[in-house]
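Observations on chain architecture
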Amino acid sequence: MTAPRLWVRLAPVLALLAVVSCAPQRKELPPDVLVVSQEQQASWVRNFNPLTPATAARWPTLAGVYEPLFVYNSVQAKQVPWLATGFEWRDGGLLLRVTTRSGVRWSDGRDFDAGDVAFTFDLLRRHKALDRRGCWGFLQSVTAVDDRTVDFRFQRVFVPGFDEIAAVQIVPEHVWASIEDPVRFPNEHPVATGPFTEVLVFRNQVYELGRNPYYWQKDKPAVRALRFPAYPSNDRANLALVFDEVDWAGNFIPAIDRVYVQRAPERHGYWFPCTAGSIFLYANTTREPFSDVRVRKALSMAVDRTLLVDVALHRYSRPADATGLSDAYAALRDTVAVGMGDWVRFDPDRASRMLDEAGYLRGTDGFRRSPGGGAWRYDVLVVSGWSDWVRAAQVIVRGLRAIGVDASVRTYDFAAWFQRVQEGDFDLSLGWSFEGPAPYHAYRYLMASSTLKPVGTPSLGNWHRYASPTADSLLGAFERATEPAMQRELGDRLQRLFASEAPAIPLYPNPSWAEYAKGRFEGFPSREEPYADPSPNKFDRGEPLLILTALRPRTERP
Amino acid sequence: MSGPLHAPRMGPIELLWDAVRSDRRALSGAIILAVFLAVAVFGPHIVGDATALVGIPLQPPSWEHWLGTNGQGQDVFAQLVVGTRVSLAIGFTVGLLVVLVGALVGVPAGYFGGKVDGALSGLANVFLVLPGLPLAIVIAAYLPSGPVTLGLVLVVTGWAWNARVLRSQALALRRRDFVAAARVSGESRLRILAVEVLPNMTSVIVAQVIGSTVYAIGAQVGLEFLGLGDVSAVTWGTNLYWAQNDSALLTGAWWTFAPTGLCVALVGFALTQLNAGFDEITNPRLRLERAWRTFLGDRGRGVERSTPVVRDHD
Amino acid sequence: MNYLLRRLFFYASAAWTAVTLNFFLPRLMPGDPATALFARFSGQMTPEALTAMREALGFTNEPLGRQYLTYLQHVLRGDLGISISKFPSPVVDVIGEGLRWTLFLAGTGVVLSFVIGSLLGVIAAWWRRGWVDQWLPSVFSFIGAFPYFWLAMFALWWFGFTLGWFPLGHAYADDTVPGWTLEFVADVLRHAALPLATVVLATLGGWLLTMRNAMITVLGSDHVNLARAKGLEPRSVMLRYAARNALLPSITGFGMALGYVLGGSLLTEVVFSYPGQGYLLVQAVRSQDYPLMQGIFLFITLAVLAANWLVDLATWWLDARTRESAS
């Protein structure tokens with residue numbers, strides 16, 4: 001065989017290569033299709049069941065396809081009437097009367113009415129697995145009084161229950177009444193009230209949703225369709241974002257100004273308000289010496305939060321204050337409580353002095369010990385693979401070592417970590433907070449005896465296992481307070497209580513991630529126009545609906 | 001017949017030394033390997049704490065940080081050096097263990113034959129045909145992450161090939177005159193195994209250990225890359241895991257993943273070269289072949305990475 | 001024929017081993033899939049809702065033996081349960097299309113690397129001490145020493161990210177409609193180019209060496225010398241006589257290589273966000289989705305076993321022909 005002949009043989013291969021290289025390069029995205037990346041999945045599974053208690057349903061299901069009675073705007077801290085137009089408390093807080101919106105139609109053209117709301121809640125009552133907000137823990141009955149009015153009767157006065165009722169997605173009775181097993185129902189062809197209800201394309205690597213032909217907000221949405229490419233990881237989604245293949249995402253991006261914005265400053269924007277809960281260092285208060293408030297405060301003062309935020313979060317957040325609340329409560333923050341927070345400022349010398357005075361002295365090895373006890377040797381638990389946490393823990397450990405605590409970072413797989421913190425089997429661990437519309441939600445899981453479970457019993461929150469009698473009475477009063485002014489007052493007192501008792505050690509408020517192609521669409525919330533939380537991740541109480549109905553494609557292409 | 005084919009009774013070190021002295025490839029492999037071993041032993045003392053946060057994250061290489069900093073602001077060079085120790089330690093340990101398990105299954109199977117062989121080599125063949133990486137992922141997923149888990153997983157998924165090779169070697173030895181002679185003279189079977197058979201397998205075992213180490217390092221790096229190792233430890237695999245996790249591609253931080261991959265490849269390549277040279281020197285069949293070829297004036301050296309496979313079907 | 005039947009029995013027992021491992025492994029370990037599921041709601045699900053979910057998912061307290069029997073029955077029926085992380089989709093549906101892409105990537109990779117590697121091996125052996133023979137074996141065994149996924153990362157970074165020659169992931173562009181159109185096929189090939197190249201590059205060396213060495217042995221044999229002496233055209237001697245006979249050892253290794261390449265291509269898929277099983281498996285592991293994990297492992301194993309069976313058939317056929325032509 002001679003050389004030319006070899007090339008002849010290779011000709012088909014070369015031809016193939018030619019075809020491949022001539023294949024269309026990156027296509028321009030249609031100007032009115034919004035490409036969203038929120039979920040990270042290797043491939044899509046078709047599920048639009050808004051009630052199913054897993055993240056099995058695709059992202060837009062909860063805030064795009066289906067809608068709740070009220071949408072919670074966490075930036076303005078208010079409930080925006082959505083499928084409902086108003087509510088009032090009656091019978092001294094035992095009855096909640098909600099008025100539903102008229103003129104709303106399901107995407108199949110049928111009318112939405114109060115009966116659908118009553119039906120949805122009845123569905124939750126009959127299928128406990130669907131009631132992920134635990135509404136039937138405080139509800140007694142739900143009845144449609146007429147087409148426009150629903151009565152929620154409570155077992156006891158429980159004002160915070162309103163926030164849970166407000167957030168439940170409403171499904172159409174005429175479709176769901178005949179579904180045998182609504183828990184497993186994949187709802188492949190959703191009939192809903194939201195702005196985007198028509199499944200145009202569904203393949204395992206991409207799907208598209210089109211507009212609801214009967215949407216109740218006039219001339220909305222302005223976006224023609226939503227497209228969702230499947231990216232398996234943060235990293236892949238970020239690449240797509242940088243290459244203008246995604247318009248809206250809620251991902252962590254390192255060095256975002258350099259990596260994303262500077263590539264195309266006129267087209268790329270982001271806003272990371274610190275509203276996604278707070279990250280805490282939880283100390284197990286059932287164990288010595290963490291039951292001592294002086295120890296908790298000293299540990300807190302040993303942590304250099306400024307460095308931590310630099311290293312772990314690329315300065316996207318700020319050091320926490322002594323209320324332990326994220327900026328979702330910015331409007332409700334109590335300045336007195338913040339002023340009490342000298343124990344969240346980095347001051348290792350003072351921390352050492354405090355521990356010396358409390359009688360926890362250093363041994364010959366340089367580590368402190370409780371009187372009559374062994375050296376303080378503790379693991380700081382984090383989830384393996386959660387890089388921000390791992391880095392934060394490294395900073396914490398350095399700080400603790402400096403004041404004489406033999407601390408080390410210990411990583412566990414998520415499930416193992418979660419089991420430990422839930423059962424209270426740890427000394428120190430990082431963890432998130434549980435924030436809802438009112439400070440009530442956050443503090444209930446930080447210091448209420450109602451959330452306190454014995455060590456060994458899995459607990460939803462309150463992993464550090466702390467209960468304060470004062471907190472109990474304040475929270476109890478909150479449950480019965482229907483007046484906003486009263487709620488405000490109680491919220492302030494809760495904050496001061498937290499700042500003085502230091503049940504847990506707040507580290508930083510967690511940023512709410514949001515990157516967007518402002519060159520293709522206008523109307524994304526931003527620092528200048530903070531009309532809602534900008535992140536697609538805040539879907540739990542319907543907030544993305546505010547954005548999806550506000551976005552407009554830019555007609556002139558930059 | 002037992003004369004020329006009866007491999008000289010040398011220890012593994014002598015055998016390797018022999019190979020390094022007389023084969024160019026073995027020599028080059030050994031030199032690269034020696035450098036890495038030196039780094040593994042002394043390096044960590046020189047570079048200090050690799051987890052220290054020394055600077056701004058994702059800085060490109062500079063005089064201060066030879067290979068820049070990673071996404072956490074740690075020195076990439078220090079991490080590479082410290083990672084060398086852990087990765088090589090796991091690699092060589094697992095390499096040894098894999099061969100040990102393989103020998104425990106393969107040698108009795110080949111030597112005793114019959115039902116023992118049927119059961120043991122059946123087991124080995126089953127494990128050989130199950131796809132290794134998915135199996136490793138599934139097992140690693142359930143155990144607490146750490147070097148022990150990693151080692152265990154690699155042994156479970158890697159022993160079968162060694163068992164197969166060692167079995168056929170034992171099978172071949174069983175048919176040899178000197179073993180037969182020992183058997184006739186009434187020595188116990190275990191004694192024959194220990195005194196006559198095993199020493200004659202030294203060269204194969206050494207070759208298998210080297211080969212298995214290549215496997216162990218590669219598979220370990222792969223699993224750790226997927227986040228199935230202990231991600232807070234500093235190893236080559238976790239370095240790559242963090243590089244990926246900290247968006248090395250997005251930020252263009254090639255220095256966080258390129259050097260590590262290069263090191264993995266260099267070690268793998270060195271071991272392969274060493275093995276190729278070693279095989280040629282010690283494998284009697286190859287030696288014979290070579291001599292024969294030279295004699296016949298054949299076109300040149302024929303190097304077979306011979307994997308003696310004795311078919312169990314005919 | 002007897003041989004083929006025996007192999008079939010062997011594969012059946014291998015499959016059974018996989019199923020059994022599949023069942024017992026997860027259950028021997030601590031942890032609880034419902035916990036992980038629970039977690040994703042960051043505490044927004046009540047304990048009652050969780051208990052109800054567990055019942056719906058069939059995590060009961062029956063004795064292990066009975067659970068095993070039930071499991072076997074279900075597997076035989078092709079019912080691999082319901083994915084936990086993608087509840088309520090059946091595992092078979094979740095795996096569905098993905099397996100096709102994995103098999104496409106790994107299968108094409110193995111075949112390409114086998115063909116190219118063996119051809120180069122033939123060339124290397126035919127022109128001994130030519131540049132192919134001198135350089136390629138070392139170059140490829142060096143490339144082969146890199147971890148697959150590292151090559152993939154590097155290729156993606158350089159050819160995809162920096163130069164922009166190739167797409168950064170997925171099996172085809174999002175707005176290309178799948179179908180047997182030229183556009184779609186070209187698009188698929190463009191997307192597969194980088195992943196395939198890394199798989200092929202990483203495994204080429206093995207085939208090259210095997211083929212080269214086998215060829216050298218065969219080239220020295222009487223059979224080939226006779227053909228040469230008869231004055232047959234050299235190319236015909238090289239391909240018809242020598243290469244065909246030298247192919248047998250390579251083919252024997254083919255089945256095993258498939259399992260190996262498949263593992264590697266899973267890692268490559270992760271890097272290229274290729275919609276195959278690779279990332280799905282990793283995700284299933286991370287979310288402790290036992291049923292999905294079991295399902296993927298089982299499907300991959302069965303695919304590998306089937307491929308091995310096909311290779312056995314090919315070997316048997318080739319063997320028979322060789323014997324025929326020899327006699």
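Computed from a predicted structure; not experimentally measured.

Another point: the overall build of chain A. Tallying secondary structure elements over chain A gives 16 helices and 20 strands in all. A globule of 558 residues ought to have a C-alpha radius of gyration of about 24 Å, and chain A, at 26 Å, matches this closely. Along the first, second and third principal axes, the C-alpha atoms of chain A reach 85 × 80 × 45 Å. Relative to its full complement of 558 residues, chain A shows a buried share of 53%. Considering only residue pairs separated by 6 or more positions, chain A has 69% of its internal contacts joining residues 24 or more positions apart.

Before going further, it helps to spend a moment on the nonpolar core. Ranked by size, the top nonpolar core spans 350 residues in total, and within it A393 and L507 of chain A, I137 of chain B together with L156, M215, M293 and I296 of chain C carry the most contacts. For this core, the element with the highest residue contribution is helix α10 (residues 234-272) of chain C, accounting for 17 residues. A domain-level breakdown of this core finds at least three residues from each of domain 1 (2-76) and domain 2 (91-326) of chain C. Non-local contacts of I137 of chain B, meaning those with residues more than four positions away in its chain, are made with L226 and L228 of chain B together with L281 and V285 of chain C.

Residue and element names in this part refer to chain A. If you walk across this open sheet you meet the 4 strands as β4-β5-β7-β6, and the pairing is antiparallel. If you trace the sheet from one side to the other, it starts and ends with β4 (84-90) and β6 (139-146), each paired once. In this sheet, adjacent strand axes meet at a mean angle of 20° when their direction is disregarded. Bridge count between strand β5 (residues 95-100) and strand β7 (residues 149-154): 5 bridges; the pairing is antiparallel.

Turning next to the pairing of β4 of chain A. Pairing analysis gives 6 bridges linking β4 of chain A to β5 of chain A, with the strands arranged antiparallel. Residue pairing across strands places A84 of chain A opposite T100 of chain A, the latter belonging to β5 of chain A.

Chain C puts 46 residues into the contact, and the matching count from chain B is 40 residues. It is helix α1 (residues 2-28) of chain C that provides the largest number of residues to the side of chain C that touches chain B, a total of 9 residues.

Before going further, it helps to examine helix α10 (residues 202-225) of chain B. All names here are of chain B. A rise of 1.5 Å per residue sets the reference length of α10, with its 24 residues, at 34 Å; its end C-alpha atoms lie 34 Å apart and thus fit the reference within 8%. The buried fraction of α10 amounts to 23 of the 24 residues, a majority that puts the element mostly inside the structure. Backbone geometry just downstream of α10 places G227 in the positive-phi region, at approximately 85°.

Taken over all residues, the pLDDT of chain A has a mean of 88, while the share at 70 or more is 93%. When mean pLDDT is compared element by element in chain A, β7 of chain A scores highest at 96, while helix α1 (residues 3-22) of chain A scores lowest at 56.

What counts and how
- Residues numbered from 1 in each chain as written.
- Chains lettered and ligands numbered in written order.
- Predicted model: local features only at pLDDT ≥ 70, side-chain atom pairs only at ≥ 80, totals over all residues.
- Helix = DSSP H or I, 4+ residues; strand = E, 2+ residues; numbered from the N terminus.
- Rg over C-alpha atoms; globule rule 2.2 N^0.38 Å.
- Buried ≥ 20, exposed ≤ 12 C-beta atoms within 10 Å, placed from the backbone.
- Contact = placed C-beta atoms within 7 Å.
- Core = buried A, V, L, I, M, F, W, Y, C linked by C-beta atoms within 7 Å.
- Domains from an automatic or database assignment.
- Pairing = 2+ DSSP bridges.
- Axes fitted to C-alpha atoms, helices over the stretch in contact; angles between N-to-C directions.
- Expected span 1.5 Å × (residues − 1).
- pLDDT = per-residue confidence, 0-100.

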